[in-house]
Amino acid sequence: MPDQADQFIVHTFGLQIDGVQVELLKTISGISLEQEAVTTHHTTKDGKQVILKQPGKKTVPSITITRGMDKSKALTDWIKIIQDEGDVPKARKNVTIEMKDNKGTTMRRVTLERAWVSKWVSADLNADQSSAMDETVTIECENLKVED
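Every value quoted in this text rests on a predicted model; they were computed, and no experiment measured them. All residue numbers refer to position in the chain's written sequence, counted from 1. The predicted nature of this model means local features are confined to residues of pLDDT at least 70 and side-chain atom pairs, given and counted, to a pLDDT of 80 or more, with totals for whole chains, interfaces and linings taken over all residues. Side-chain numbers come from the whole structure's heavy atoms, not from hydrogens or water.

Caption draft 1: Representation of the overall build of the chain within the structure. Helix and strand definitions follow DSSP, with helices as H or I runs of at least four residues and strands as E runs of at least two, each counted in order from the N terminus. Secondary structure assignment for the chain yields two helices and ten strands. When the helices and strands of the chain are listed from N to C terminus, the series reads β-β-β-β-β-β-α-α-β-β-β-β. Only C-alpha atoms enter the radius of gyration; for comparison, a globular chain is expected to reach 2.2 Å times N to the power 0.38, where N is the number of residues. Relative to the 2.2 N^0.38 estimate, which gives 15 Å for 148 residues, the radius of gyration of the chain is 21 Å and therefore markedly larger than a compact globule would have. Taking the principal axes of its C-alpha atoms as reference, the chain extends roughly 75 × 50 × 35 Å. Note on areas: Shrake-Rupley with a 1.4 Å probe; residue coverage comes only from the protein chains shown. Counting every atom, the chain has about 10,400 Å² of accessible surface; 48% of that belongs to carbon and sulfur. In this count, Lys and Arg are taken as positive residues and Asp and Glu as negative ones, while His and the chain termini are left out. By convention, the point assigned to a charge is CZ for Arg, NZ for Lys, CD for Glu and CG for Asp. Across the chain, the 20 positively charged side chains and the 23 negatively charged ones have centroids separated by 5 Å.

Caption draft 2: Spatial organisation of the pattern of salt bridges. Here, a salt bridge means any side-chain nitrogen of Lys or Arg that lies within 4 Å of a carboxyl oxygen of Asp or Glu. As enumerated under the stated definition, the model contains eleven salt bridges in all. Linking Glu142 and Arg114 is a salt bridge whose minimum nitrogen-to-oxygen distance equals 2.6 Å. Separated by 28 residues along the polypeptide, Glu142 in the loop between strand 9 (134–140) and strand 10 (143–147) and Arg114 in strand 8 (residues 106–122) bring together distant segments of the chain. The structure contains a network of salt bridges with shared partners spanning Arg67, Asp70 and Glu135.

Caption draft 3: Representation of the side chain of Asp101 in the model. Its place among the elements puts Asp101 in the loop between strand 7 (93–100) and strand 8. Buried, partly exposed and exposed residues are distinguished by accessible area as a fraction of the type maximum, computed with a 1.4 Å probe on protein chains only: under 20%, between the cut-offs, and over 50%, respectively. Buried charge without a salt bridge: Asp101, with Lys103 as the nearest opposite-charge side chain at an N-O distance of 6.2 Å. Whenever two N or O atoms come within 3.5 Å, that pair is a polar contact, provided that in protein one can donate a hydrogen and the other can accept it, and provided that, for residues adjacent in sequence, both atoms are side-chain atoms. Side-chain polar atoms of Asp101 contact the backbone nitrogen of Lys103, separated by 2.9 Å. Whether two residues are in contact is decided by their heavy atoms: any pair within 4.5 Å suffices. Apart from residues no more than four positions distant in its own chain, Asp101 is found in contact with Phe8 and Met107.

Caption draft 4: A look at the pairing of strand 1 (residues 12–17). Two strands pair under a simple rule: DSSP has to find at least two bridges between them. Strand direction decides the pairing type here: strand 1 and strand 7, joined by six bridges, are antiparallel. Among the inter-strand pairings, Ile17 is bridged to a residue of strand 7, identified as Val95. Where strand 1 and strand 2 (residues 20–22) come together, three bridges link them in antiparallel fashion. The partner of Gln16 across the bridge, within strand 2, is Gln21.

Have a look at this one:
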């Protein structure tokens, strides 16, 4: 019988913007790598069809972060650089997402290179309910690296 190892369970993760830790994370979604597959069809001299697949253009995802709104300014200050100042070069930051095991050891690290915030959304406001405030941020990047 082959050895059976427990699958890596992720419920602890972290996010850093140029080394500054962002707090109260709830979800991070959209982490993916994708490369287009280009299919070409050829016919050989003897009339046989040959199908070849090769890598095409890469696409980078938009990452969405949902977090509890608090007094931490790490994310807000980053958003202001592009929204208020319009300083795109200054707004481009490297973002690191760390996926941790039950002991808090980083098992996988994803780096978003030259990332910037394209969208910020506040939680709905409702006078009839008392609930924690969340904010959702969409991050664009130019490259995504996955490391063990």
